[in-house]
Amino acid sequence: MAENTVKESTKKWEEGLVAKSLAKLRLEKSPVRRYTPADTEGFDFLGKVGYPGQYPFTSGNDPVPRWQAFAAKQARASARHEWGTSSASKYAGFGTPEDYRDYLVKMHKLGRKGAPNMAMDLPTQTGYDSDAEWAGGEVGRVGVAVDSLRDFEIIYEPYSGDMDLDKIASNFTINAPAAVIIAMYAALAEKRGIPLEKLRGTPQNDILKEYVGRGLYIYPPAPAMRLFRDTLVFCTENMPKFNINSIGGYHMREAGATREQDLAFSMANGIAYLQAGVEAGLDVDAFAPRFSFNGFGGSMEIYKEVAFHRASRRIWAGLLKERFGAKNPRSMMIRSMLTAHIGCSSTTLQRPLNNLSRTVISGMAGAMAASIPFIFPPYDEPLGLGHSLEAQQLAVDAGRILIYEAKVGEVLDPWAGSYFMESLTDEIEQGAREVMDEIDKMGGAVVAIENGYMQKSVARSAYERQKDIENLDEFVVGVNCFNGPHELDVQTERSIESVYSPELMDTAEERKKEGLDKLKRERNNKEVVKHLKTLKQSAQDESKNLMPDIMECVKSYATLQEICDTLRDVFGEFESVRL
């Protein structure tokens, strides 16, 4: 059918049947939309979609997904396997290093073997030790407290033999002091005689989104990017199997960014990180394959989330190939376990068991976005620290049902070629590119953070979103609608993992401070002072890579805050933009 004929027929349909239905229903505008071939007029399928595993990667990275290839084998195995996890264990961490170590041992006994996937407490994430005045009341609360190399030695005590550092992949959710944490891991490997080139793992190391989404920054953006550059070069040259970062637009989305802002800001931040490596003298193909994404996106509008991730892969691939001249296809891939999902902010404290229904929708979206149907998060996410074993089991089983019973992974990118999905993908890409162009005109992501553009944009969007919910322009079941006295709040058993006991939480700060005091008394303090002085001198020279000096500080058992304070003296601290 010719395109002009479709357009004419669509117009006739809209002016006829649609208009009559709107009049009958007393509506000014239709709440639904219809897509036709006219919406993808002149669409270049090979150029804009292509095939899984080929540029522009719109349909995904893998022609045959690894998880799908081994699905039957995993189902028949006697050992526990959880789809959606990597070689790292469940994201966790609390209390003291001893508490977290014991948690990991307990998980291993339950068949949940995996490397630490480390959540760190707020003092650690902002470069303070557990005995700092600012740390009071926060030590070990939202993650494990890490003050020194000694803490890593404790955490990794269960990992030896066939689970030693060269045989596992650890994850570290850390940004502002990421250089110090990477140095601690490298120093631990050296103490064990393990070559750095054998280390695998992922630090988040995505400092730019901290200024926009989470607020856990230390230094101004420019010196923070210098530290990123230094970790990029160090890892590329010494730890080639170790991921450099895990870019997280997801956090900006959770803070209130729109879909287009999330995608644009993530890409702009990614450009800044890539540029840092190129300006350091590295070939882009030497380091871009070790960039990863923590995930971005996140809402209940799953059609748009699927389109979002198709658009993100196409934009990233184009940036690497056209702007940075990458030749290696792996440089052009967005490497992320988590694709289309609903985001933690879509879960509700009210009637929390409904969150399981929401996350099953999330799993379907992941499958339609050419990825694993990952059920995230467990339904009790809004109830506080520590997903219950029941919630974890339900989430894992929901993913298994989608894989093994619904067989949602049998088709890759099932929407490919759809008038609707291709048009929606183009719309989201165009919206994101318009924001990216704005940021480029300003001078890039660092400038857009320094002048407050990104932060103010997210704050406005968050306000508009909340206003829509409060004005009943957006509906959330059980929150602002269907919440009358006749609705039932269905409950289930929920046993918190015993390792998150209130007793341990209540005593974590005192125990951690005692251990830190002991460390400072027993270490060679002259060596600490010497290495911190050298670090300060090096920090004043922009051309010097600080990772070797940070490594020496770490190995002398200088603490996280001592290292960060030394850099604070040179770099200063970032003052948040007034919104």
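All values reported here derive from a predicted model rather than from experimental measurement. Residue numbers run consecutively from 1 along every chain, following the written order of its sequence. It should be noted that, the model being predicted, local features are given only for residues of pLDDT at least 70 and side-chain atom pairs only at 80 or more, the latter also being counted only at that level, while totals for whole chains, interfaces and linings use all residues. Excluding hydrogens and water, the side-chain values take into account all heavy atoms of the structure.

Digging into the side chain of R112
No. 1: As for its position among the elements, R112 is in the loop between α5 (97-109) and β1 (117-118).
No. 2: Distance and chemistry together define a polar contact, namely a pair of N or O atoms within 3.5 Å, with one atom able to donate a hydrogen and the other to accept it when in protein, and with adjacent residues in sequence counting only for side-chain atoms on both sides. Of the polar contacts made by the side chain of R112, one reaches the side chain of Q392; its length is 2.6 Å. The secondary structure listing takes helices from DSSP runs of H or I that are at least 4 residues long and strands from runs of E that are at least 2 residues long, numbered from the N terminus.

Details of the environment of M184
No. 1: In this fold, M184 is placed in helix α8 (residues 178-191).
No. 2: Put simply, M184 and D44 are 140 residues apart on the chain and 49 Å apart in space, counted from C-alpha to C-alpha.
No. 3: Contact definition: two residues touch when any of their heavy atoms are within 4.5 Å. Those residues in contact with M184 that sit more than four places away from it in its chain are V146, D147, S148, L149, F152 and V554.

Section: the pattern of salt bridges
No. 1: What makes a salt bridge here is a side-chain nitrogen of Lys or Arg within 4 Å of a carboxyl oxygen of Asp or Glu, nothing more. Applying the stated criterion across every chain, the model contains 43 salt bridges.
No. 2: Between K530 and E527 there is a salt bridge, with its nearest N and O atoms 3.3 Å apart. One end of the pair, K530, and the other, E527, are both in helix α21 (residues 525-539), 3 residues apart, so they sit about a helical turn from each other.
No. 3: Here K536 and D569 are joined by a salt bridge, their closest N and O atoms 3.9 Å apart. Taken together, the residues span a long stretch of sequence, with K536 in helix α21 and D569 in helix α23 (residues 560-571) at a distance of 33 residues.
No. 4: Linked through salt bridges whose partners overlap, the residues forming this network are R253, R259, D262, E301, K304 and E305.

Quick notes on the nonpolar core
No. 1: Joining through side-chain atoms within 4.5 Å is the link that ties buried Ala, Val, Leu, Ile, Met, Phe, Trp, Tyr and Cys residues into a set, and such a set is a nonpolar core. Each residue is placed in one exposure class: buried if its accessible area under a 1.4 Å probe, protein chains only, is under 20% of its type's maximum, exposed if it is over 50%, and partly exposed if it falls in between. Counting 131 residues, the largest nonpolar core has F152 and Y156 as its most contacted members.
No. 2: With 12 residues, α8 is the single largest residue contributor to this core.
No. 3: Those residues within four positions of Y156 in sequence are excluded, and the remaining contacts are P116, M118, L165, I168, S170, F172, Y185, L188 and R192.
No. 4: With 6 residues, the next largest nonpolar core counts I375, A398, L402 and V408 among its residues.

Here's the deal with the sheet that holds strand β3 (residues 200-203)
No. 1: Strand pairing follows a simple DSSP-based rule, namely that at least 2 bridges must link the two strands. Pairing within the open sheet is parallel, and its 3 strands lie in the order β1-β2-β3. Two strands in the sheet have a free side with no partner beyond their single neighbour: β1 and β3.
No. 2: In this sheet, strand β2 (residues 169-172) lies alongside β1 in parallel orientation, the contact comprising 2 bridges. Each residue of the ladder has a partner; that of M118, found in β2, is F172.

Notes on the environment of M551
No. 1: Mapping M551 onto the fold places it in helix α22 (residues 547-555).
No. 2: Classification of M551 as buried rests on a relative accessible area of 5%.
No. 3: Sequence separation of M551 and H531 is 20 residues, and the distance between their C-alpha atoms is 9.4 Å.

Structural notes on the packing of helix α10 (residues 221-238) against α22
No. 1: Two elements in contact, α10 and α22, have axes separated by 10 Å at closest approach and are oriented at 85°. Judged on the interaxial angle alone, α22 and α10 are roughly perpendicular. Two secondary-structure elements touch here, α10 through L227, D230, T231 and F234 and α22 through M547, I550 and M551.
No. 2: Residues that form the contact of α10 with α22 fall into these classes: 5 nonpolar, 1 polar and 1 charged. Interaxial angles span 0 to 180 degrees and are taken between N-to-C directions of axes, which are lines fitted to C-alpha atoms, for helices over the stretch in contact. In this scheme, roughly parallel covers angles under 35 degrees and roughly antiparallel covers those over 145, while 65 to 115 is roughly perpendicular and the rest are oblique. Put simply, Ala, Val, Leu, Ile, Met, Phe, Trp, Tyr, Cys and Pro go in the nonpolar bin, Asp, Glu, Lys and Arg in the charged bin, and everything else, Gly too, in the polar bin.

Description of the pairing of β3
No. 1: The pairing of β2 with β3 spans 4 bridges and is parallel. Looking at β3, one finds that S170 is bridged to G201.
No. 2: Handedness of a crossover: with both strands directed away from the viewer, a clockwise path from the first strand across the helix to the second marks it as right-handed. Viewed along the sheet, the connection from β2 through α8 into β3 turns out right-handed.

Quick word on the side chain of R101
No. 1: Structurally, R101 is set in helix α5.
No. 2: Polar contacts involving the side chain of R101 include one to the side chain of D102, which spans 3.1 Å.
No. 3: Excluding anything up to four places from it in sequence, R101 contacts I154, I155, E157 and P158.

A closer look at the packing of helix α15 (residues 354-368) against helix α16 (residues 389-405)
How two helices pack is summed up by the angle between their axes together with the distance between the axes.
No. 1: Contact geometry of α15 with α16 gives a least axis separation of 10 Å together with a crossing angle of 40°. The orientation of α15 with respect to α16, classified from their angle, is oblique. Here α15 runs over α16; the crossing is right-handed. Where α15 abuts α16, its residues L356, V360, G363 and M364 lie against L394, A398 and L402.
No. 2: Considered class by class, the residues forming the contact of α15 with α16 number 6 nonpolar, 1 polar and no charged. A clockwise turn of the near helix away from the far one marks a right-handed crossing, whereas an anticlockwise turn of less than a right angle marks a left-handed crossing.

Topic: α21
No. 1: Expected helix span is computed as 1.5 Å times (number of residues minus one). The end-to-end C-alpha distance of α21, which contains 15 residues, comes to 21 Å, matching closely the 21 Å that a straight helix rising 1.5 Å per residue would cover.
No. 2: Among the residues making up α21, those that are buried are V528, H531, L532, L535, S538 and A539. The buried residues of α21 occupy one face: seen down the axis, they fall within an arc of 120°. For α21, the exposed residues set more than 90 degrees away from the buried face come down to K526, V529 and K533.
No. 3: In this structure, the buried side of α21 is in contact with α10, α22 and α23.
No. 4: Its side-chain oxygen placed 3.1 Å from the backbone nitrogen of K526, N524 serves as the N-cap of α21. Summarising the geometry, the arc corresponds to the directions from the helix axis toward the C-beta atoms.

Focus on α23
No. 1: Across its 12 residues, α23 extends 16 Å between first and last C-alpha, which sits within 8% of the 16 Å expected from 1.5 Å per residue.
No. 2: With 9 of 12 residues buried, α23 lies mostly within the body of the structure.
No. 3: When we look at burial in α23, the residues that qualify are L560, Q561, E562, I563, C564, T566, L567, R568 and F571.
No. 4: Contacts made by the buried residues of α23 are with α6 (122-125), α8, α10, α20 (502-522), α21 and α22.
No. 5: Just downstream of α23 lies G572, where phi reads positive at about 80°.

Considerations on unusual backbone geometry
No. 1: Between Y55 and the following residue, P56, the backbone shows a cis peptide bond with an omega angle of 10°.
No. 2: Considering the arrangement of structural elements, one finds P56 in the loop between α2 (45-48) and α3 (66-69).
No. 3: Cis geometry is found at the peptide bond from F376 to P377, where omega equals -5°.
No. 4: Among the secondary structure elements, P377 is positioned in the loop between α15 and α16.
No. 5: The phi torsion at D413 lies on the positive side, around 45°, for a residue other than glycine.
No. 6: Residue classification places D413 among the buried residues on the basis of a relative accessible area of 2%.

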